[in-house]
Amino acid sequence: MFGLSTNQVLVIAGGWLIYQLLKALYNISTFHPLSRIPGPKLAAATYLPEFYYDVVKFGCYTKEIKKLHEKYGPLVRINPNEIHCNDIAFSDEIYAVGGRKRDKPVHQINGSAIGQAGFGTADHDIHRLRRIPVAKFFSRGMVARLEPEIHGLVQKLCNKLLSQQGDTEAFDVTMAYSCFTSDAISGYSFGESFGFLDQKGWYPNFREPTASLLRPVFIFRFFPWTKASAGLGMVLVDYMPKDIALFVRTLQIDLPIKIRQVKANIDAGIVLDRPTIFDSLLRSDLDALDKEPQRLADEAAAVIGAGTETTSWTLAVITYHLLTKPKLLEKLTSELRTVVADPTHLPSWTELETLPYLGAVIQEGLRLSYGVSARTARVATEENLIYRGEWNKKPVQYVVPKGYAIGMSAVITHHDEGAFPDSYAFIPERWLDENNQRRKDIERSMLAFSKGSRMCLGMNLAFCELNLCLTALVLRVLPHMCLHETVDEDLAYDHDMFIPMTKDTRGVVYMAVVGLSVYGLLVGLGRLEEDLNAWQWSESLKYYIVWILMYVVALAIVKSSVCLTILRIASTKKPLRISVWILLGVTWCSFCITFIGTLLYCQPVNAIWTPQLILSGKAKCAPVETLVIIGHVATVSTILTDLALVVVPGFLLWETQMKRQAKLQAWGLLSFASVASIITMVRIPYVNKFGGGANLQFWVAHTILCSNVETGIGCIASSLPSLRHFIRRNADGSSSGPSKPSNKRSGSRDFFTVGSARQNKPREAYNNPTDIGISLSTIKGRSDENWQRLGVGSDGSSDETFDPRRIFTQHTFSVDVDRQSQAPLRE
Ligand code: HEM
């Protein structure tokens, strides 16, 4: 490709590595514009710390940033190009209240799969153009106009909750609130609600699907090319769990159809008495490209995503605190009774808004539910920002140069003890002054809706929903509601997935009925400890150990097979061969560590599933963290070998004389295996869950699912060449069995060739000993073997006509043969 040899490509790769090293050195040098901002050197040099905390430890960088502020002060450099601030006084500069230009950092929006929505737009001016028509739709006036629908949904929610009175089974009230907010946002935006409140029970809803779809946010951020996998949603929708399928179908299929319908109505001159968001957008001044259905569907997806879980989580947090603090509930109830005669007919949102204590409860709920917990940064494009503050009782001053990102996080700011003393406690009174009036000064310390040109666009709707819903809940439902085994910790922020996540995402249980996993699931894997009896607890762990031992053996064989295939392909490329040998070494080291480590984890091994042995002192086990380390060793080695499957053949293909399209097809085919490494990355957070030692059976089931999918992909990837062969025969209308190849086969579709001259005499099929079935430009021949193109039938009757569009080469191939007489071959 581009006339470069493998060596030249390797030189370029080496050059790139040296460049990265020099860049890291530059990043920590005094020449870097952020060199004066304090922070750890490794974070200033590379993105590795952020990768470790957000990808490996999963969504934990915000917590680490909080600790960095304690050590380095109000401004900290958290990666080579980004600063984090914990001083709310600087927020107006960062978020530019007053119309100054602020881009979003590309690194941040890489995490969003809805890049075409205003929310995922980096450039200030384009964002502005995209935001204005949506913002109009969510103005105070518009929300007031559509308020009656919210009233209706609020009553529907309360009626449904009350109808559950007497049920012996507890349920997660966040699901109920999520149904309410989804119905509200859909009814408001699209003129037709999703109808979650009308269904029996609370499932399906968009709570768990939102969490599932947000899960890869950090992987997207570091590997933006993996966002292409989001497009797979439409293809795989029929095979997904019901609620996720519904979510994907709504966003990727139904919304674009709705947009086309609205467009057809507008073209036909039909005016609806009830405007929808699409109507607004399609009639706006946006340019034609920005009115494309997929772009508008992204905008709608942003609105649904942003408007559902944020508000419902705030309602859930407030519910919990009111139920655990009856005095607060009493105080709020008496205030509400002053304006509400009949709670089934509520006053308007504007009237409720004037109630100080209701406002204070909502503010406190917003403060402790955080809205968006991940840091949100901005880039000043036209001016340097000057920070003046104090650290360790000394004045400090920093310049944030234009073009560099600086951000803040609600989960840090909302616990600023200066502004919010006893910040983890729910104290609505802090929002009121001695005259029972709202304190504007402390409202300025809030970041729940962000600030400036990119602040929350649905704030009016959120306040309307919160005021109405909370009033009805307090007066109608909460007196009949009680908490079921819920404690502070169940609500406490634990990590980010853009929105705040608690420690135990109990609802998210993925079960796969894949091969050997079935038995484990039957006996208890995938269940929480509280749901297991003693036998299930022990049997499921025993099964897990058997599974893991078999899995690592299978993995080692598959990976070695892959490495050997690459080794064969790269037979004349010494540097590549060395790399593959290293990979092979890594694979087997990882196998030994995982296999032996698992067996030695407890002495004797059956103590893993027989805790009585440990309690009676007859057995000993290593700390549970050892399991995490073992898991990560397997993960890293798997990712390395999977990626090698993409990179190494890429180098080889680069040098062949294949057409560019054929090269890309071939590479695409080979790269398919790298999809497996995405699953491996997805597995990382679950492996981390082993650390606590709690609910092991629950978390290992997640890793089993990922690992089964990963190995499944590996099998498909390695079978693709054979399947291609099979499918093509059928496409030609010939037999699907191992029959003669057809004359009609188009040579241009062949991905691979051995590059030798065609042999006319009968020959044996070229059997790939590793059974992967992929071979490229050179193969190793023996005196008793013959050359043939891959794709020629096993009977050797290669009767295809020579197709000039096939891969051909102008130069002599160097091949590795045992008999002098056979080399060199010419095509
Ligand atoms: C309690 C409720 C809510 C909270 C705490 C909240 C919080 C936020 C925050 C912090 C942002 C800024 C994100 C960033 O800087 O990247 C944001 C943006 C946004 N929110 Fe909300 N939100 C809430 C409810 C809603 C609702 C009901 C909607 C429905 C329309 C909505 C729509 C949006 C949109 C479209 C954006 C992107 C704005 C832009 O980039 O221009 N939000 N929200």
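Everything discussed here concerns the structure shown above.
Attention in this report is confined to the structure presented alongside it.

Parameters at a glance
- Residues numbered from 1 in each chain as written.
- Predicted model: local features only at pLDDT ≥ 70, side-chain atom pairs only at ≥ 80, totals over all residues.
- Heavy atoms only, no water.
- Helix = DSSP H or I, 4+ residues; strand = E, 2+ residues; numbered from the N terminus.
- Contact = heavy atoms within 4.5 Å.
- Areas by Shrake-Rupley, 256 points an atom, 1.4 Å probe, with all protein chains shown as cover.
- Donors = N, O, S within 2.8 Å, 3.2 Å for Na, K, Ca; no water.
- Buried < 20%, exposed > 50% of the residue type's maximum accessible area, 1.4 Å probe, protein only.
- Pairing = 2+ DSSP bridges.
- Phe/Tyr/Trp six-rings, centres within 6.5 Å; stacked < 30°, edge-to-face > 60°.
- Lys NZ or Arg CZ within 6 Å of the ring centre and 35° of its normal.
- Axes fitted to C-alpha atoms, helices over the stretch in contact; angles between N-to-C directions.
- Parallel < 35°, antiparallel > 145°, perpendicular 65-115°, else oblique.
- Nonpolar A, V, L, I, M, F, W, Y, C, P; charged D, E, K, R; others polar.
- Near = heavy atom within 4 Å.
- Polar contact = N/O pair within 3.5 Å; in protein donor to acceptor, adjacent residues only side chain to side chain.
- Salt bridge = Lys/Arg side-chain N within 4 Å of Asp/Glu carboxyl O.

### Section: the overall build of the protein chain
Thought 1: Within the protein chain one finds 31 helices and 11 strands.
Thought 2: Contacts in the protein chain between residues at least 24 apart in sequence constitute 72% of all its contacts with a sequence separation of at least 6.
Thought 3: Accessible area of the protein chain: about 37500 Å², with a carbon and sulfur share of 60%.

### Digging into the environment of Ile259
Thought 1: The residue Ile259 is located in helix 14 (residues 242–267) in this model.
Thought 2: Spatially, the C-alpha atom of Ile259 lies 6.0 Å from that of Pro293, the residues being 34 residues apart in sequence.
Thought 3: If sequence neighbours within four positions are ignored, Ile259 has contacts with Phe278, Leu282, Pro293, Leu296 and Ala297.

### Details of the coordination of the iron atom of the ligand
Thought 1: Of all protein atoms, just one serves as a donor to the iron atom of the ligand, and that atom is Cys456 (SG), at 2.3 Å.
Thought 2: When you line up the elements, Cys456 lands in the loop between helix 21 (440–443) and helix 22 (459–477).

### Some thoughts on the pairing of strand 1 (residues 75–79)
Thought 1: Among the five residues of strand 1, five are classified as buried, and the element is accordingly described as predominantly covered.
Thought 2: Taken together, the four bridges between strand 1 and strand 2 (residues 82–85) define a ladder with antiparallel strand orientation. From the neighbouring strand, Asn79 faces strand 2, where its bridge partner is Glu82.
Thought 3: Between strand 1 and strand 2, which pair antiparallel in sequence order, lie two residues.

### Details of the packing of aromatic side chains
Thought 1: Overall, the coordinates contain 18 aromatic pairs when judged by the stated rule.
Thought 2: For the pair Phe137 and Tyr188, a centre-to-centre distance of 5.2 Å together with 65 degrees between the ring planes defines the contact as edge-to-face. With Phe137 in helix 7 (residues 124–137) and Tyr188 in helix 10 (residues 173–190), the pair connects residues that are 51 residues apart, well separated along the chain. Considered together, Phe137 and Tyr188 belong to a single accessibility category, that of buried residues.
Thought 3: Each ring, one from Tyr370 and one from Tyr493, has its centre 6.0 Å from the other, and the planes form 75 degrees; the classification is edge-to-face. With Tyr370 in the loop between helix 19 (356–369) and strand 4 (376–380) and Tyr493 in strand 8 (residues 493–497), the pair connects residues that are 123 residues apart, well separated along the chain.
Thought 4: Among the aromatic side chains, those forming a connected cluster through ring pairs are Phe190, Phe194, Phe196 and Phe278.
Thought 5: Over the aromatic face of Trp202 sits the side chain of Lys160, whose NZ or CZ is 4.4 Å from the ring centroid.
Thought 6: Here the basic side chain of Arg367 rests over the ring of Phe420, its NZ or CZ set 4.9 Å away from the ring centre.

### Remarks on the packing of helix 17 (residues 326–337) against helix 19
Thought 1: For the pair helix 17 and helix 19, interaxial distance at closest approach is 8 Å and the crossing angle is 135 degrees. Of the possible angle classes, the one that applies to helix 17 and helix 19 is oblique. Between helix 17, through Leu328, Lys331, Leu332, Glu335 and Leu336, and helix 19, the contact on the second element is made entirely by Pro356, Tyr357, Leu358 and Val361.
Thought 2: Grouping the constituent residues of the contact of helix 17 with helix 19 by class yields seven nonpolar, no polar and two charged.

### Quick look at the site of the ligand
Thought 1: In the vicinity of the ligand there are 26 residues, among which Lys104, His127, Arg131, Arg378 and Cys456 approach most closely.
Thought 2: At 2.7 Å, a side-chain N or O of His127 approaches an oxygen atom of the ligand.
Thought 3: Arg378 has a polar side-chain atom sitting 2.8 Å from an oxygen atom of the ligand.
Thought 4: The set of elements that each furnish at least two residues to the shell around the ligand consists of helix 7, helix 16 (293–324) and strand 4.
Thought 5: With six residues, helix 16 is the single largest residue contributor to the shell around the ligand.
Thought 6: Residues that form the shell around the ligand fall into these classes: 13 nonpolar, nine polar and four charged.

### Things to note about the pattern of salt bridges
Thought 1: What the rule picks out here adds up to 26 salt bridges.
Thought 2: Residues Asp441 and Arg439 are paired through a salt bridge, measuring 3.1 Å at the closest nitrogen-oxygen approach.
Thought 3: In this structure, a network of salt bridges that share partners links the residues Glu50, Glu82, Arg221 and Arg375.

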